[in-house]
Protein chains: 2
Amino acid sequence: MKPGSNKHILIYIVAGVLAFAAMAARAADPLSSWREGPAKQAIVAFVAKVTKEHSPDFVSIPERIATFDNDGTLWAEQPMYFQLLFALDRVKALAPQHPEWKDQEPFASLLKGDMKGVLEGGEKAIAEIVMATHAGMTTAEFEQTVKDWLATAKHPKTGRPYTEMVYKPMLELLAYLRENHFKTFIVSGGGIEFMRPWTEKVYGIPPEQVVGSSIKTKYELRDGKPVLVRLPEINFIDDKAGKPVGINSHIGRRPIAAFGNSVGDQQMLEWTQAGGGARLMMLVHHDDAEREWAYGAESKIGTFSDALMAEAKQQSWVVISMKNDWKRIFAFEP
Amino acid sequence: MKPGSNKHILIYIVAGVLAFAAMAARAADPLSSWREGPAKQAIVAFVAKVTKEHSPDFVSIPERIATFDNDGTLWAEQPMYFQLLFALDRVKALAPQHPEWKDQEPFASLLKGDMKGVLEGGEKAIAEIVMATHAGMTTAEFEQTVKDWLATAKHPKTGRPYTEMVYKPMLELLAYLRENHFKTFIVSGGGIEFMRPWTEKVYGIPPEQVVGSSIKTKYELRDGKPVLVRLPEINFIDDKAGKPVGINSHIGRRPIAAFGNSVGDQQMLEWTQAGGGARLMMLVHHDDAEREWAYGAESKIGTFSDALMAEAKQQSWVVISMKNDWKRIFAFEP
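In this text the structure is predicted, and so the values were computed from the model without any measurement.

Q: Teacher, can you tell me more about the sheet that holds strand E6 (residues 280-285) of chain A here?
A: Pairing between the strands of a sheet comes from backbone hydrogen bonds, and it takes one of two forms, parallel or antiparallel. Residues and elements named next belong to chain A. Spatially, E4-E3-E2-E1-E5-E6-E7 is the arrangement adopted by the 7 strands of the open sheet, whose pairing is mixed. Each end of this open sheet is capped by a strand with a single partner; those strands are strand E4 (225-236) and strand E7 (318-321). Adjacent strand axes in the sheet meet at a mean angle of 30° when their direction is disregarded. In the packing of helix H11 (residues 266-273) onto the sheet, contacts are made with strand E1 (65-68), strand E2 (183-191), strand E5 (257-260) and E6, and the angle to E5 comes to roughly 165°.

Q: Would you mind going over the packing of helix H2 (residues 38-51) of chain A against helix H8 (residues 168-179) of chain A with me for this structure?
A: The packing of two helices is summarised by the inter-axis angle and the distance between the axes. Residues and elements named next belong to chain A. Between H2 and H8, whose axes approach to 11 Å, the crossing angle comes to 15°. Taken together, the axis directions place H2 and H8 in an arrangement best described as roughly parallel. You can see that H2 and H8 cross each other, and the crossing is right-handed. Taking contact as the criterion, the partners of Ile 43, Val 44 and Val 47 in H2 are, on H8, Leu 173, Tyr 176 and Leu 177. Residue classes in the contact of H2 with H8 are distributed as 6 nonpolar, no polar and no charged.

Q: What's the story with the nonpolar core in this structure? I'm lost.
A: Burial of nonpolar side chains together is a common tendency in soluble globular proteins. Residues A:Met170, A:Tyr203 and A:Phe259 are the most contacted members of the largest nonpolar core, which totals 71 residues. Take this core: its biggest share by element is 8 residues, from helix H3 (residues 82-94) of chain A. Those residues in contact with A:Phe259, other than ones at most four positions away along the chain, are A:Ala66, A:Thr67, A:Phe68, A:Asp69, A:Thr73, A:Met170, A:Leu173, A:Leu177, A:Met268, A:Leu269, A:Leu280 and A:Met282. Residues B:Ala76, B:Met137, B:Met165 and B:Val318 belong to the second largest nonpolar core, which totals 70 residues.

Q: Hey, could you run me through the interface of chain B and chain A in this one?
A: Many authors give the size of an interface as the accessible area that is lost as the parts come together. Of the residues lining the interface, 34 residues belong to chain B; the matching set on chain A comes to 34 residues. Between chain B and chain A, roughly 2,700 Å² of surface is buried when both sides are summed, and carbon and sulfur atoms account for 48% of that area. Among the residues chain B hides against chain A, the three largest losses belong to B:Glu208, B:Tyr219 and B:Asn248. Together they make up 23% of the total. Linking chain B to chain A there are 6 salt bridges. The partner of B:Glu200 in a salt bridge is A:Arg253, and the shortest N-O contact between them spans 3.1 Å. Put simply, chain B and chain A have 22 residue pairs in polar contact (both at pLDDT 80 or more) between them. Broken down by secondary-structure element, the contributors of at least two residues to the side of chain B that touches chain A are strand E2 (183-191), helix H9 (192-203), strand E3 (210-222), strand E4 (225-236), helix H10 (242-250) and helix H11 (266-273) of chain B. The dominant element in the side of chain B that touches chain A, judged by the number of residues it contributes, is H10(B), at 5 residues.

Q: I would appreciate a short explanation of the relation of the copies chain B and chain A in the present structure.
A: Comparison of the two chain copies shows a relationship of rotation about an axis with a shift along it. Superposing chain B onto chain A takes a rotation of 180° plus a shift of 0.0 Å along the axis, which leaves an RMSD of 0.1 Å. Each copy turns onto its partner about a two-fold axis. Closest to the rotation axis within chain B is the C-alpha of B:His250, separated from it by 3.2 Å. Most of the interface of chain B is mirrored in chain A, where 100% of its interface residues are also at the interface.

Basis of the calculations
- Residues numbered from 1 in each chain as written.
- Chains lettered and ligands numbered in written order.
- Predicted model: local features only at pLDDT ≥ 70, side-chain atom pairs only at ≥ 80, totals over all residues.
- Heavy atoms only, no water.
- Pairing = 2+ DSSP bridges.
- Helix = DSSP H or I, 4+ residues; strand = E, 2+ residues; numbered from the N terminus.
- Axes fitted to C-alpha atoms, helices over the stretch in contact; angles between N-to-C directions.
- Contact = heavy atoms within 4.5 Å.
- Parallel < 35°, antiparallel > 145°, perpendicular 65-115°, else oblique.
- Left-handed = near helix turned anticlockwise from the far one by under 90°.
- Nonpolar A, V, L, I, M, F, W, Y, C, P; charged D, E, K, R; others polar.
- Core = buried A, V, L, I, M, F, W, Y, C linked by side-chain atoms within 4.5 Å.
- Buried < 20%, exposed > 50% of the residue type's maximum accessible area, 1.4 Å probe, protein only.
- Buried area = accessible area lost by both parts, 1.4 Å probe.
- Salt bridge = Lys/Arg side-chain N within 4 Å of Asp/Glu carboxyl O.
- Polar contact = N/O pair within 3.5 Å; in protein donor to acceptor, adjacent residues only side chain to side chain.
- Least-squares fit on C-alpha atoms with pLDDT ≥ 70 in both.

The structure is reproduced here in structure tokens:
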């Protein structure tokens, strides 16, 4: 050992300690994609309050239920709901078996790539497309179709798989709540069986904690083997006033925290708040045209009306500005 | 210390060790109310198989889903479904507000205490009684009514609260499965909101893991406060071919173990078995007239038809004999 080695060793140790401290500091912030600000503060303060034993706001572990809208809250929803893009691709794939679609709306517009024309047909048009592409097969067949599509389809703007179009700050929030013994649920207007094949892998939310819209299914024996057949009949629309109904039906407890981004989430937040005690209601606001999209009151998808903004202010719901509150939106950002 | 004290101390130590060993032996058997026999063996062998890593039958923890019927499987169902006894008491309580019931079936029979007359009205009569007593109030009001009833009502034969009419061997089975990282669900033809107020306390099964029959609910604001109103309209019947539908809707995964006791559970067991791999299907057979009740093919409640028994044999479903397989049925037995 040369003279001076001890000094070198000391430098290495100091460098190591500093690197470790930096790592620990990062690890110590489970919400590292959130900028310091009112939204992050609201989350941290709420969690601290409800998890502190002997505090008046303490909530027992089984009652720590948090519900999340999906489209526009956990993953993106532009240029249109991803499930609609799935349905579009399915219409194209199934079109050879349906020559009548060429002259039949909304299929005709859809096959011409005229999405504006499709959206003009309103909810009825969307329901027809959903039924044509989501019913008539078994639940197992539908699940496989969703998985196959997600494995190959790419988002039209970013070129990324749809399952990468998820918001990193929200993934951190889900993990942070679960670390604090919350049970996290999805409560979405989207199709329950469209979400379940991938939510466990992408969000850590198992199928039994996914609530969504559904069509009816029927049990039958095919060649002696039981199957569930998906019928072209609406069972439940898990949107707006349907969300508290879906929460009650699937969860049977009232959430203490709820997260949404549009008028479809209004009643879920009202229902959550009305439970009394410490509650956290948050709305993601899409105000970042550069890194994501900017839309709100005028948008047909993910409508954030002025009335909703007014209610948020009046009720002290926290509005998350994607532009100001999130350091990073997608994990794939440079 | 007198001479000979050491000997006394030694005796105390030996006695202590023996007492401890006996206690440990009891603690080591999580299914101590089950007699050694084919039913207990089937349970233990199945659990060992699916929890042994690197075994071909290993099942990952999230996929360890077990579903239990309630009436006749977890708690008793004689002299009739307890929910029907609840409805009977509710009809009596509400009768002063409904003078027309005196001449209107099935209420007339019910108010005269003629339960045979009520049951002769079949499912339609039961549905009418259920609607009259289960709809028209908010979900919170109904929950309170159920809790109040359970706090005071007594079983007509045993004089015990209904929540004590639960089968001790099944409580042990639920706990044993959960110790082995199973998620336990109720999948019952009974009302989902009749069960949820007490399943967590009595069975350790939280509300979000209860699947049952339901009526529709509607979200509305009453004096500015959100409520869910129970409507006199069937939403879902979670029985027979409805059980796989309910499982798919609420759980979104196929169980690997299912437990029932009647023709209402047939399709749940078929659906469970059809998943392939290691599966456990069991049916409780009520064959103990002395300690519980003996009924089966001829019973209107908890029908265990000859066809079901034949299918159980053919499919190697395990039939649990309450008489032979259970050392003790209720915890309150002497």
